[in-house]
Amino acid sequence: MKKIEDLNMEGKKVLIRCDFNVPIKNGRIIDDTRIKESLKTIHYCIDHHAKIILFSHLGRIKEEEDLKKNTLLPVSKRLSKLLDKKVIFIEETRGKKLEKAIEELQEGEIILVQNTRYEDLDGKKESNNDEELGKYWASLGDLFINDAFGTIHRSHASNVGIASHIESATGFLVEKELNVLSSLNSCEKPFIVILGGAKINDKIGVIEKLVTKADYILIGGGMAFTFLQSEGYNVGASIVDYDRIDFCTKILKKYSSKILLPVDVNVTTEYNNDSLNKVKEITEIAENEMGLDIGDRTIEIYQNYLKDAKTVLWNGPLGVYEFEKYKNGTKKIMKFLVDHNIRTILGGGDIVAAASLMKMKDKVYHASTGGGATLEYLEEKKLPGLEIIK
Ligand code: AMP
């Protein structure tokens, strides 16, 4: 697979698919990690005298109203500040203005094209990898670099579409993410996986693959209750995926000593931060109670396993960390890993957001920029954004 350093980009028009899908509130960027993570590739292209044309999506575009709130204009301003360099922002995804700007672009200069998903308003052209759109974008450049790890598991016009037509390579961020994930295949042991989050459904493939590689899997979050239900506990009003009970029963039977479940949980009767809460043993959950976090005894047990770990992979928060009352499990386990300097990889999405909120993201070994992509990689699925480059 070609890497950025394999490209001869001097004086060429280089299209880069970045992941600038950052959280924005009232026009302000709340977390610019993803922009910062793209800088290494962009700097490399500047230093190698390329004419740089950047693409990215931002949020979802379903109707006209989504256009304004998902413009990449704030990103262009932040990027310009971070690079200390002018970024020419083109408010359209195609047309004369864009083509003229590219025509006039000098070596080392940068254009940022409007949110690729603006094209979704007209028949989901970007997200459905419309043939004509990929071909058109590819026609704007000589070379293509895919540096958007967050969408590498998707087949979109701005990654697979472009890469189908011109010489392509991966960027530094994609390389870094892949190196970290592939290192898990021969990582230092004990290797412990922590899994949480609301849904068990999208983690089944990962559990099946990792259970053979990891020494232990520690389960928390909403998905723990499907496991507990399968063991015959009354989990009250906690979230349970009844279609997955069978899966849980079977995997627990086969790997009973490897998969650990909570022994106590923080329960309440309403899904909010205000109603009364209480830590209860999992044998004591009442019919109207839902578990929104793991309890202190579980935290202690999990920490006991983790203290010897050499590698930890963590996907999904252990509780509803968005509510002050239910962030305890996630926070204490995260702090434990940081304090004990355990090589920890956060698998993107909510667990990275939680780490960021708890001011520990920069203290862990690696926080991935792609949740879905990480899961699909670990499931050993083929990633379309990479396959096309291969
Ligand atoms: P996922 O996308 O499946 O990783 O889910 C992430 C979400 O799981 C976060 O928004 C958490 O609030 C939520 N979550 C964590 N623990 C629980 C729980 N016990 N019950 C319901 N939702 C939870």
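This one's a predicted model, so the numbers in the text were calculated from it and none came from an experiment.

So, how was this worked out
Sequence order as written defines residue numbering, which begins from 1 separately in each chain. Per-residue local features are limited, in this predicted model, to residues with pLDDT of at least 70; the limit for side-chain atom pairs, both in listing and counting, is 80 or more; totals at the level of whole chains, interfaces and linings are taken over all residues. Note that water and hydrogens are dropped before the side-chain values are worked out from all heavy atoms of the structure. Counting from the N terminus, the helices are the DSSP runs of H or I reaching at least four residues and the strands are the DSSP runs of E reaching at least two. The buried label applies to any residue whose accessible area, calculated with a 1.4 Å probe on protein chains only, is under 20% of its type's maximum; exposed applies above 50%, and partly exposed to all values in between. Throughout this description, a polar contact denotes any pair of N or O atoms lying within 3.5 Å of each other; where both atoms belong to protein, one of them has to be capable of donating a hydrogen while the other can accept it, and for residues adjacent in sequence the pair is counted only when both atoms sit in side chains. When checking whether two residues touch, look at their non-hydrogen atoms; a contact exists if any pair is within 4.5 Å. Two strands qualify as a pair provided that DSSP identifies no fewer than 2 bridges between them. Axes here mean lines fitted to C-alpha atoms, for a helix over just the part in contact, with angles spanning 0 to 180 degrees between N-to-C directions. What makes a residue near a molecule or strand is one non-hydrogen atom of that residue sitting within 4 Å of it. All accessible-area figures derive from a Shrake-Rupley calculation using a 1.4 Å probe, and residue coverage is judged against the displayed protein chains alone. Residue polarity follows a fixed list, in which Ala, Val, Leu, Ile, Met, Phe, Trp, Tyr, Cys and Pro are nonpolar, Asp, Glu, Lys and Arg are charged, and the others, Gly among them, are polar. Take the buried Ala, Val, Leu, Ile, Met, Phe, Trp, Tyr and Cys residues and link them wherever side-chain atoms come within 4.5 Å; each set so joined is a nonpolar core. In this scheme, patches are assembled from residues that exceed 30% relative accessible area and form no salt bridge. Like charges are connected within 9 Å, while nonpolar side chains (Val, Leu, Ile, Met, Phe, Trp, Tyr) are connected within 5 Å. Here a salt bridge means any side-chain nitrogen of Lys or Arg lying within 4 Å of a carboxyl oxygen belonging to Asp or Glu. In this count, Lys and Arg are taken as positive residues and Asp and Glu as negative ones, while His and the chain termini are left out. For charged residues, the charge sits on one atom: NZ in Lys, CZ in Arg, CG in Asp, CD in Glu. Ring pairs shown here join Phe, Tyr and Trp side chains whose ring centres sit within 6.5 Å, with only the six-membered ring taken for Trp; geometry is labelled stacked below 30 degrees between planes, edge-to-face above 60, and tilted in between.

Novice: Sorry, what's going on with the side chain of Asp 19 here?
Specialist: Structurally, Asp 19 can be placed in the loop between strand S1 (13-17) and strand S2 (24-25). With a relative accessible area of 3%, Asp 19 lands in the buried category. Reaching out from Asp 19, the side chain makes a polar contact with the backbone nitrogen of Asn 21 at a distance of 3.1 Å. Of the polar contacts made by the side chain of Asp 19, one reaches the side chain of Arg 34; its length is 3.2 Å. Apart from residues lying up to four places away in sequence, Asp 19 is in contact with Arg 34, Ser 38, Ser 56, His 57, Asp 147, Ala 148, Gly 150 and Thr 369.

Novice: Help me understand the sheet that holds strand S15 (residues 311-315) in this model?
Specialist: In any sheet, the strands associate via hydrogen bonds between backbone groups, in a parallel or an antiparallel arrangement. Strand order in the open sheet formed by 6 strands is S11-S10-S9-S15-S16-S17, with parallel pairing between adjacent strands. The sheet is open, and its two edges are formed by strand S11 (259-260) and strand S17 (366-367), each paired on a single side. Examined bridge by bridge, strand S9 (residues 191-195) and strand S10 (residues 216-219) share 4 bridges and lie parallel to one another. Paired with Leu 195 across the strands is Ile 219, a residue of S10. Contacting S9, S15 and strand S16 (343-346), helix H12 (residues 328-339) crosses the sheet at an angle of about 155° to S15. Against the sheet, helix H13 (residues 350-357) engages S15, S16 and S17, with an angle of about 120° to S16.

Novice: What is the right way to read the site of the ligand from this model?
Specialist: The ligand sits among 15 residues. The nearest are Ala 198, Lys 203, Gly 291, Gly 319 and Glu 322. Take Lys 199: an N or O atom from its main chain is 3.2 Å from an oxygen atom of the ligand. Gly 222 places a main-chain nitrogen or oxygen 3.3 Å from a nitrogen atom of the ligand. With the chains in place, 86% of the 510 Å² that the ligand exposes on its own is no longer accessible. Residues belonging to the shell around the ligand are distributed by class as follows: 6 nonpolar, 5 polar and 4 charged.

Novice: Honestly, the nonpolar core in this entry has me stumped. Any pointers?
Specialist: What tends to happen in soluble globular proteins is that the nonpolar side chains get buried as a cluster. Ranked by size, the top nonpolar core spans 46 residues in total, and within it Ile 219 and Phe 227 carry the most contacts. Mapped onto this core, the elements with two or more residues apiece are helix H7 (172-183), S9, helix H8 (204-213), S10, helix H9 (224-230), helix H10 (245-254), strand S12 (264-268) and helix H14 (371-378). Apart from residues lying up to four places away in sequence, Phe 227 is in contact with Ile 200, Ile 207, Ile 219, Cys 248, Ile 251, Leu 252 and Leu 261. If you look at the next biggest cluster of nonpolar residues, it comprises 31 residues, including Ala 50, Ile 52, Val 75 and Leu 79.

Novice: Is there a simple way to think about the pairing of strand S4 (residues 51-55) in this case?
Specialist: Every other side chain in a regular strand lies on the same face of the sheet, so the side chains alternate between the two faces. Extensive coverage of S4 is indicated by the burial of 4 of its 5 residues. Of the strand pairs in this sheet, S1 and S4 are connected by 5 bridges, and their pairing is parallel. Residue pairing in the sheet places Arg 17 in a bridge with Phe 55 of S4. In the sheet, S4 pairs with strand S6 (residues 110-113) via 3 bridges, with the strands oriented parallel. Paired with Ile 52 across the two strands is Ile 110, which belongs to S6.

Novice: Whenever I open this one, a positive patch on the surface confuses me. Can you help?
Specialist: On the surface, Arg 60, Lys 62, Lys 124 and Arg 154 cluster together to form a positively charged patch. In this structure, Arg 154 sits in the loop between strand S7 (143-146) and helix H6 (157-163). The partly exposed category is assigned to Arg 154, whose relative accessible area is 40%.

Novice: Teacher, can you tell me more about the sheet that holds strand S14 (residues 290-294) here?
Specialist: In spatial order, the strands read S13-S12-S14; together these 3 strands make up an open sheet with antiparallel pairing. Each end of this open sheet is capped by a strand with a single partner; those strands are strand S13 (277-281) and S14. Neighbour to neighbour, the strand axes of the sheet diverge by 40° on average, direction disregarded. Packing of helix H11 (residues 296-306) onto the sheet brings it into contact with S12, S13 and S14, and relative to S14 it is tilted by some 40°.

Novice: What is the right way to look at the packing of aromatic side chains in this model?
Specialist: Pairs of aromatic rings are described using the distance from one ring centre to the other and the angle between the two planes. All told, the structure shown has 4 aromatic pairs when counted by the stated rule. Between the aromatic rings of Tyr 44 and Phe 172, the centroid separation amounts to 5.3 Å while the plane-to-plane angle is 75°, which identifies the pairing as edge-to-face. You can see Tyr 44 sitting in helix H1 (residues 33-47) and its partner Phe 172 sitting in helix H7, a full 128 residues away along the chain. Since its relative accessible area comes to 16%, Tyr 44 is described here as buried. Ring geometry for Tyr 216 and Tyr 305: centres 4.7 Å apart, planes at 70°, overall edge-to-face. Residue Tyr 216 is located in strand S10, and its partner Tyr 305 is located in helix H11; the two are separated by 89 residues in the primary sequence. Look at Tyr 216 and you get partly exposed, because its relative accessible area is 28%. Taking relative accessible area as the criterion, Tyr 305 reaches 30% and is therefore assigned partly exposed.

Everything listed here is a matter of geometry and, on its own, says nothing about what the molecule does.
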